[in-house]
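A structural walkthrough
Residues per chain are reported as follows:
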Amino acid sequence: YTLQLGNTNRLLDAPYRVLAGKTGYIDSARYCLATMVQDGGGHKLTLVVLGAPGGSTRFREARKLATWGFKELGGGEPIVKAKPTRSKSSRTRKS
């Protein structure tokens, strides 16, 4: 069978390397994100977004926090990334 995997982490398109991340939703905290990102100069930031009104908003807010945080650190150099050959990965496994 063929298994297609998609990625919903919108930070992967940011100019930073995503080292770790966890999304979540609970009624009291709404949409949340905890992540660690690194810029091209090796600076690392841990970001936490709580209470976002939507799933996409948590990534936009995290990107804003990363941009601000790296600027404050004197960093923010982009990571040079290879362009992906396709947006979804697929794996075929014989049963």
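As a reminder, the structure under discussion sits directly above these lines.
Rules of the game
Residues numbered from 1 in each chain as written. Predicted model: local features only at pLDDT ≥ 70, side-chain atom pairs only at ≥ 80, totals over all residues. Heavy atoms only, no water. Phe/Tyr/Trp six-rings, centres within 6.5 Å; stacked < 30°, edge-to-face > 60°. Helix = DSSP H or I, 4+ residues; strand = E, 2+ residues; numbered from the N terminus. Buried < 20%, exposed > 50% of the residue type's maximum accessible area, 1.4 Å probe, protein only. Salt bridge = Lys/Arg side-chain N within 4 Å of Asp/Glu carboxyl O. Patch = residues over 30% accessible without salt bridge, like charges linked within 9 Å, V, L, I, M, F, W, Y side chains within 5 Å. Areas by Shrake-Rupley, 256 points an atom, 1.4 Å probe, with all protein chains shown as cover. Pairing = 2+ DSSP bridges. Axes fitted to C-alpha atoms, helices over the stretch in contact; angles between N-to-C directions. Contact = heavy atoms within 4.5 Å.

1. Structural notes on the packing of aromatic side chains
Enumeration according to the criterion identifies 2 aromatic pairs in this entry. Relative to phenylalanine 70, the ring of tyrosine 16 has its centre 4.8 Å away and its plane inclined at 45°; by these criteria the two rings are tilted. With tyrosine 16 in the loop between β1 (2-5) and β2 (17-26) and phenylalanine 70 in helix α1 (residues 55-73), this residue pair connects regions lying 54 residues apart in the sequence. Here tyrosine 16 and phenylalanine 70 have matching classes, each one buried.

2. Here's the deal with the pattern of salt bridges
Should their charged atoms come close, side chains of opposite charge can pair. This structure, assessed with the given rule, holds 1 salt bridge. The salt bridge partner of glutamate 61 is lysine 64, with a shortest N-O separation of 3.2 Å. Placement of the pair is glutamate 61 and lysine 64 together in helix α1, with a separation of 3 residues, close to one helical turn. Residue glutamate 61 is classed as partly exposed on the basis of its relative accessible area of 31%. Residue classification places lysine 64 among the exposed positions, given a relative accessible area of 52%.

3. Looking at unusual backbone geometry
Even without a glycine there, the phi angle at arginine 30 is positive, about 60°. Within the secondary structure layout, arginine 30 lies in strand β3 (residues 30-38). In this structure arginine 30 comes out as partly exposed when scored by relative accessible area, which is 37%.

4. Some remarks on a nonpolar patch on the surface
Taken together, the side chains of Tyr1, Leu3 and Leu5 define a hydrophobic patch exposed on the protein surface, amounting to about 270 Å² of accessible area. Residue position: tyrosine 1 is located in the segment before β1.

5. Considerations on the sheet that holds β3
Ordered in space as β2-β3-β4, the 3 strands form an open sheet in which the pairing is antiparallel. Of all the strands in the sheet, the pair left with one neighbour each is β2 and β4 (44-52). Across the sheet, the mean angle from the axis of one strand to that of its neighbour is 10°, orientation sign disregarded. The sheet contact formed by β2 and β3 spans 9 bridges and is antiparallel. Residue pairing for β3: glycine 24 is matched across the bridge by cysteine 32. Sheet strands in contact with α1 are β2, β3 and β4, and its direction is about 145° off that of β4.

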